[in-house]
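# Overview (structure and organization)
Take a look at the letters that make up each chain.
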Amino acid sequence: MFAARRAFSGALQTRAFSASARDLSKVTVLGAAGGIGQPLSLLLKLNPRVTDLALYDIRMAPGVAADVSHINTKSKVTGYDPTPSGLAAALNGAEVVLIPAGVPRKPGMTRDDLFNTNASIVRDLAKAAAASAPDANILVISNPVNSTVPIVAEVFKKAGVYNPKRLFGVTTLDVVRASRFVSEIKGSDPADENIVVVGGHSGVTIVPLFSQSSHPDLVGNADLLKRVQFGGDEVVQAKDGAGSATLSMAMAGARFAESLLKAAQGEKGVIEPTFVDSPLYKDQGIEFFASQVELGPNGAEKILPVGKIDAAEQTLLDACLSDLKKNIAKGVAFVAENP
Ligand code: NAI
């Protein structure tokens, strides 16, 4: 009896020890001085799971770090200079790397219009991450996500360090928007609205599955569908040339990072939507797809299937897959042509 109790308490102590070792989490933001980067850094500073916050940008990261570092939470904040050694130091030992570096949209632009500028930014940051943080979870926010995620994958493959379970395109904002828009229609609390959104992260590749929610009557609601697929445009237009979603995106990015950290620290059943290297449509030549993914200590532990959907949603999914295939191929080709 005592022996059993001792063994149990020993197991508990071991667990407590290993949990605290794992609780040391360095999180790096690349593009930390931008519209998303700054509020994202703020939210990460407020997260007690983050013990070391590393901020990098080609401008002003030390300034943002100095500001955020005065917030009275325990984590250490460091801003790095825009040099190769600064970038390497920012990445070294990171458990999570968030990448919101790049240019945002102006009115009239699609996310794909950002490709020419952002592809090379993401490629270069991915090279640095492959060298200095090959085991980190890489969270890509820079658009077009449907193409930038394959770019990171290709760079990591070339460097021989690609782990498909640790690369994520952040599509959280799509479900954040969907749950908020539904709650506005239904007069409900958005916290109770779990809307599954699959596919990718741009226009018609964003496919909300209302048939799987508690409001299947919303399947044919064209206005709602348009808001979920093109909600980003509302912000781009309202900001009138000064950028795209930054504050809601920072919240979404911080939520995804928090989910990843809590899953890494042993919490079970943590499920987030995200654009990952996915088996779901590989037979159709589509290597990446956003769906519900169960997170864990190894990153993407389990990719959940799309499940049963409505015929109208299937039509949306077909349109999504056709676009997605081209977006992914564009990212892959970019790295092949511009290594
Ligand atoms: P921003 O222009 O305000 O900030 C971008 C930051 O990246 C700037 O501080 C800039 O100096 C930095 N930067 C540029 N090149 C860099 C490099 N090589 N290394 C490090 N930092 C670099 O743009 P914002 O609004 O923060 O948007 C960033 C990206 O996030 C855009 O591509 C935008 O389209 C995307 N986005 C993604 C969303 C999503 O749901 N995944 C939602 C909203 C925006």
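The chain appears in an unreviewed UniProt entry as Malate dehydrogenase from Oidiodendron maius. Here the chain is described in UniProt, under the heading Sequence similarities (unreviewed entry), as follows: "Belongs to the LDH/MDH superfamily. MDH type 1 family." Heading Catalytic activity (unreviewed entry) of the UniProt record for the chain holds this comment: "(S)-malate + NAD(+) = oxaloacetate + NADH + H(+)".

## Quick notes on the environment of Gly160
Locating Gly160 in the fold gives a position in the loop between α6 (145-158) and β6 (167-169). You can call Gly160 exposed: it has 8 C-beta atoms within 10 Å. For the pair Gly160 and Ala238, spaced 78 residues apart in the sequence, the C-alpha separation amounts to 43 Å.

## Quick look at the domain arrangement of the chain
If you check the domain split of the chain, you get domain 1 (26-170) and domain 2 (172-327). Taken together, the contact between domain 1 and domain 2 spans 37 residues of the former and 40 residues of the latter. Elements represented by at least two residues in the side of domain 1 that touches domain 2 include exactly α2 (37-45), β4 (96-99), β5 (137-140), α6 and β6. Tallying contributions element by element places α6 first for the side of domain 1 that touches domain 2, with six residues.

## Here we look at the packing of helix α7 (residues 172-186) against helix α9 (residues 247-264)
Their axes nearest at 8 Å, the elements α7 and α9 cross at an angle of 115 degrees. Considering the angle they form, α7 stands roughly perpendicular to α9. As for how α7 packs across α9, the hand of that crossing is right-handed. Between α7 and α9, the contacting residues are Thr172, Leu173 and Val176 on the first element and Ser248, Met249, Met251, Ala252, Arg255 and Phe256 on the second. Here the residues of the contact of α7 with α9 are counted per class, giving six nonpolar, two polar and one charged.

## Some details on the site of the ligand
The immediate surroundings of the ligand are formed by 34 residues, with Gly31, Gly34, Gly35, Ile36 and Asn143 found nearest. Ranked by residue count, the leading element in the shell around the ligand is helix α5 (residues 115-132), at four residues. In terms of domain composition, the shell around the ligand takes at least three residues from each of domain 1 (26-170) and domain 2 (172-327).

## Observations concerning α6
A rise of 1.5 Å per residue sets the reference length of α6, with its 14 residues, at 20 Å; its end C-alpha atoms lie 20 Å apart and thus fit the reference within 8%. Counting buried residues in α6 gives 12 out of 14 residues, a clear majority hidden from the surface. Listed as buried for α6 are Val145, Asn146, Ser147, Thr148, Val149, Pro150, Ile151, Val152, Ala153, Glu154, Val155 and Phe156. Gly160 sits one or two residues past α6 and shows a positive phi near 75 degrees.

## What about unusual backbone geometry?
The peptide bond linking Asn143 to Pro144 adopts the cis configuration, its omega dihedral lying at -5 degrees. One can find Pro144 in the loop between β5 and α6. A positive phi angle, near 50 degrees, is found at Asp240, a position not held by glycine. Tracing the chain through its elements places Asp240 in the loop between α8 (222-239) and α9. Residue classification places Asp240 among the exposed positions, given that 9 C-beta atoms sit within 10 Å.

## Focus: the nonpolar core
With 98 residues, the main nonpolar core has Leu55, Val97, Ile99, Leu139, Val140 and Val152 as its most contacted residues. No other element matches the 10 residues that α9 contributes to this core. There are two domains that each give this core at least three residues, and those are domain 1 (26-170) and domain 2 (172-327). Among all residues touching Val152, those that are not within four sequence positions of it are Val122, Ala126, Ile138, Val140 and Leu167.

## A few points about the pairing of strand β9 (residues 270-277)
Counting buried residues in β9 gives six out of eight residues, a clear majority hidden from the surface. Where β9 meets strand β10 (residues 288-296), eight bridges bridge the pair, whose relative direction is antiparallel. Bridge pairing in β10 links Val276 to Phe289.

## A few points about the confidence of the model for the chain
Per-residue pLDDT for the chain has a mean of 94; in total, 94% of the residues score no lower than 70. Every residue in residues 1-21 scores below 50 in pLDDT, and together they form two contacts with partners more than four places removed in sequence or on other chains. The ipTM for the predicted assembly is 0.99, set against a pTM of 0.94.

## Focus: the UniProt feature "binding site: substrate" (unreviewed entry) in the chain
As annotated by UniProt and renumbered to match this structure, "binding site: substrate" (unreviewed entry) occupies Arg105, Arg111, Asn143 and Arg177. Secondary-structure assignment places Arg111 in the loop between β4 and α5. Other than its neighbours up to four places away in sequence, Arg111 contacts Arg105, Asn143, Pro144 and Ser202. Tracing the backbone shows Arg177 in helix α7. Classification of Arg177 by C-beta neighbours within 10 Å gives buried; the count is 25.

What counts, and at which threshold
- Residues numbered from 1 in each chain as written.
- Predicted model: local features only at pLDDT ≥ 70, side-chain atom pairs only at ≥ 80, totals over all residues.
- UniProt positions renumbered as here; feature names shortened; annotations may be inferred.
- Helix = DSSP H or I, 4+ residues; strand = E, 2+ residues; numbered from the N terminus.
- Buried ≥ 20, exposed ≤ 12 C-beta atoms within 10 Å, placed from the backbone.
- Domains from an automatic or database assignment.
- Contact = placed C-beta atoms within 7 Å.
- Axes fitted to C-alpha atoms, helices over the stretch in contact; angles between N-to-C directions.
- Parallel < 35°, antiparallel > 145°, perpendicular 65-115°, else oblique.
- Left-handed = near helix turned anticlockwise from the far one by under 90°.
- Nonpolar A, V, L, I, M, F, W, Y, C, P; charged D, E, K, R; others polar.
- Near = placed C-beta within 6 Å.
- Expected span 1.5 Å × (residues − 1).
- Core = buried A, V, L, I, M, F, W, Y, C linked by C-beta atoms within 7 Å.
- Pairing = 2+ DSSP bridges.
- pLDDT = per-residue confidence, 0-100.

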